[in-house]
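# Observations on the three-dimensional arrangement
The lines below spell out each chain.
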Amino acid sequence: MNNAVAGFSKLSKKEKINWIANEYFSTPEEALNIIRNYWNSDEKLQQLHDEFIENTITNLYIPLGVAPNFLINGKYKTIPMAIEESSVVAAASKAAKFWAARGGFKATIIDTEKIGQVHFTFNGDAEKLQSFFQEIKPKFFSDTQSITKNMQERGGGILDIHLKDKRNLLENYYQLHATFETKDSMGANFINSCLEQFATTLKEEFQHSDLFSDEDTLTVIMSILSNYVPNCLVRAEVSCPIEDLAEKHIQNPQDFAERFVQAVQIAEIEPFRAVTHNKGIMNGVDAVVLATGNDFRAVEAGVHAYASKNGQYASLSHAKIENGIFTFWLEIPLALGTVGGLTSLHPLVKLCLEMLEKPSAKELMEITAVAGLAQNFAALRSLTTTGIQEGHMKMHLNNIINQFEATDEERQLIKSHFKKTAVTHSAVVEFIESLRK
């Protein structure tokens, strides 16, 4: 196929998948069967999913698991996690059980401020622009009253607006930098609506102002929220006396604690390690964000920007030993919501939020940060003791077995053999081939 298709969006769902099957697959009927097999048998439910995005052809399933026994601020939680990677849910569950016996996780909201900006250029006198801004600043609030009314009733709204001079970075470049509180809503639509009204007000007031000459020009480039929210922060931590770290794989807790702290310190100074280290944190964070219908791409972008806030990409988590106490913690920016969007549309998202006992946005921030910290602890414990591959490959064994479509009898023999044998992809393939000979 080497031609553009005209009017694709206007085709029916059936016409779209027929076109795709015929244009791209040597066996169109087989492709159609795979697509249809992932449709929900409930037509109304399938239509709901179809309308989440555009040009929907089917559903891509991601497993939804649960990690129980999370003791967070004195209360037990079972955390839903949507993720396709082996060993993540098991590792989180193991970390939850470990820390539940040692006082559990402590989580604290540091701040919930969100940010949006109107980007514009101005080629006149900067002092005149500053005076103009101070003069019209109240109008930004009054002109958005119809947008902010409901949010204000819930305790949120526009916090403040600043004029920022960015001409040192780009010629004639300025910003209206606004901060917001959106309570239990993630607030993207609310913030963007406010920003677009700010832009309208800015342009209209500029045209009617006597401060500027005909040579002065102001041009709005764009109005958009920022997914970098360094002041929408949550802290999660665990701590206990070093001797309490002892367990089956930690025979010498002092040595374990020191190695653990060193492993974190390496991630604090070495970007190549920090990226993988933080990816492990995001295994836990993203899984909860996805399960609760939030925007994991926005969270990822904001978190990784935060990891670079000091000029070099570094670890999001930290650890220390002080007066015989081991402490492990992280602080990450999380702009999450529990109302609006998919949270009120997707049946499984609603189920997950109910499983979490209908948390507020702040509570969901705490739960999500804890899941990230638990995941990081589990990974570092494996790395500094038995190594990460032993547990991961045992969890990955099922995937290899399924890849080779093993029979029930073969499955039992394979699992029995690898109880005492190291799991590697090549070893499993070799054993399956030997069985089938």
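Residues numbered from 1 in each chain as written. Predicted model: local features only at pLDDT ≥ 70, side-chain atom pairs only at ≥ 80, totals over all residues. Heavy atoms only, no water.

### Structural notes on the environment of V349
Its location among the elements puts V349 in helix 11 (residues 347-355). On the basis of relative accessible area, V349 is assigned to the buried category, the value being 4%. C-alpha separation for the pair V349 and T338, spaced eleven residues apart in sequence, amounts to 9.8 Å. Other than its neighbours up to four places away in sequence, V349 contacts A291, T292, G293, L342 and T343. (Helix = DSSP H or I, 4+ residues; strand = E, 2+ residues; numbered from the N terminus. Buried < 20%, exposed > 50% of the residue type's maximum accessible area, 1.4 Å probe, protein only. Contact = heavy atoms within 4.5 Å.)

### Structural notes on a nonpolar patch on the surface
The grouping of I34, Y38 and Y61 at the surface amounts to a nonpolar patch, some 320 Å² of accessible area in total. Inspection of the secondary structure puts I34 in helix 2 (residues 28-37). (Patch = residues over 30% accessible without salt bridge, like charges linked within 9 Å, V, L, I, M, F, W, Y side chains within 5 Å. Areas by Shrake-Rupley, 256 points an atom, 1.4 Å probe, with all protein chains shown as cover. Salt bridge = Lys/Arg side-chain N within 4 Å of Asp/Glu carboxyl O.)

### Thoughts on the nonpolar core
Ranked by size, the top nonpolar core spans 64 residues in total, and within it F70, W99, F105, F260, F326, F328 and L334 carry the most contacts. At eleven residues, helix 12 (residues 361-383) tops the list of elements feeding residues into this core. With residues near it in sequence (within four places) discarded, F70 still touches K75, Y76, K77, I79, A92, A96, F105, V370 and A374. Counting 28 residues, the second largest nonpolar core, distinct from the first, contains L129, A178, F180 and A199. (Core = buried A, V, L, I, M, F, W, Y, C linked by side-chain atoms within 4.5 Å.)

### Re the side chain of H346
Among the secondary structure elements, H346 is positioned in the loop between strand 10 (325-333) and helix 11. A distance of 3.2 Å separates the side chain of H346 from the backbone nitrogen of L348, its partner in a polar contact. Residues contacting H346, with those up to four places away along its chain left out, are H49 and F52. (Polar contact = N/O pair within 3.5 Å; in protein donor to acceptor, adjacent residues only side chain to side chain.)

### A look at the sheet that holds strand 9 (residues 317-322)
Judged by pairing direction, the sheet is antiparallel, and its four strands sit side by side in the order 3-8-10-9 without closing on themselves. Of all strands in the sheet, those with a lone pairing partner are strand 3 (106-109) and strand 9, marking the two edges. Across the sheet, the mean angle from the axis of one strand to that of its neighbour is 20 degrees, orientation sign disregarded. Bridge analysis of strand 8 (residues 233-241) against strand 10 gives nine bridges, and the strand direction is antiparallel. Within strand 10, the residue paired with E237 across the bridge is W329. The sheet contacts of helix 8 (residues 253-269) involve strand 9 and strand 10, and relative to strand 9 the element is tilted by about 140 degrees. (Pairing = 2+ DSSP bridges. Axes fitted to C-alpha atoms, helices over the stretch in contact; angles between N-to-C directions.)

### Some details on unusual backbone geometry
When glycine is set aside, most residues are seen to have a negative phi, and most peptide bonds are trans. Here K183, not a glycine, exhibits a phi torsion of approximately 55 degrees, which is positive. Here K183 is to be found in the loop between strand 6 (173-181) and helix 7 (188-208). With relative accessibility at 31%, the residue K183 sits in the partly exposed group. For E405, which is not glycine, the phi dihedral falls at a positive 50 degrees. Among the secondary structure elements, E405 is positioned in the loop between helix 13 (388-403) and helix 14 (408-417).

### Comments concerning the packing of helix 8 against helix 12
Packing of helix 8 against helix 12 brings their axes to within 10 Å, and their N-to-C directions diverge by 115 degrees. Regarding the angle of helix 8 to helix 12, the classification is roughly perpendicular. As for how helix 8 packs across helix 12, the hand of that crossing is right-handed. On helix 12, the residues touching F256, F260, A263 and V264 of helix 8 are F377, L380 and R381. Here the contact of helix 8 with helix 12 is composed, by residue class, of six nonpolar, no polar and one charged. (Parallel < 35°, antiparallel > 145°, perpendicular 65-115°, else oblique. Left-handed = near helix turned anticlockwise from the far one by under 90°. Nonpolar A, V, L, I, M, F, W, Y, C, P; charged D, E, K, R; others polar.)

### Some thoughts on the pattern of salt bridges
Taken as a whole, this structure holds 14 salt bridges when the rule is applied. If you follow the salt bridges from partner to partner, you end up with K75, K77 and E357 in one network.

### Details of helix 4 (residues 88-100)
Helix length check: helix 4, at 13 residues, gives a terminal C-alpha distance of 18 Å against a target of 18 Å (1.5 Å per residue), a fit within 8%. What helix 4 keeps buried is the set V88, A91, A92, S93, A95, A96, F98, W99 and A100. Buried-residue contacts for helix 4 involve strand 1 (64-72), strand 2 (75-82), strand 8, helix 9 (271-291), strand 10 and helix 12. (Expected span 1.5 Å × (residues − 1).)

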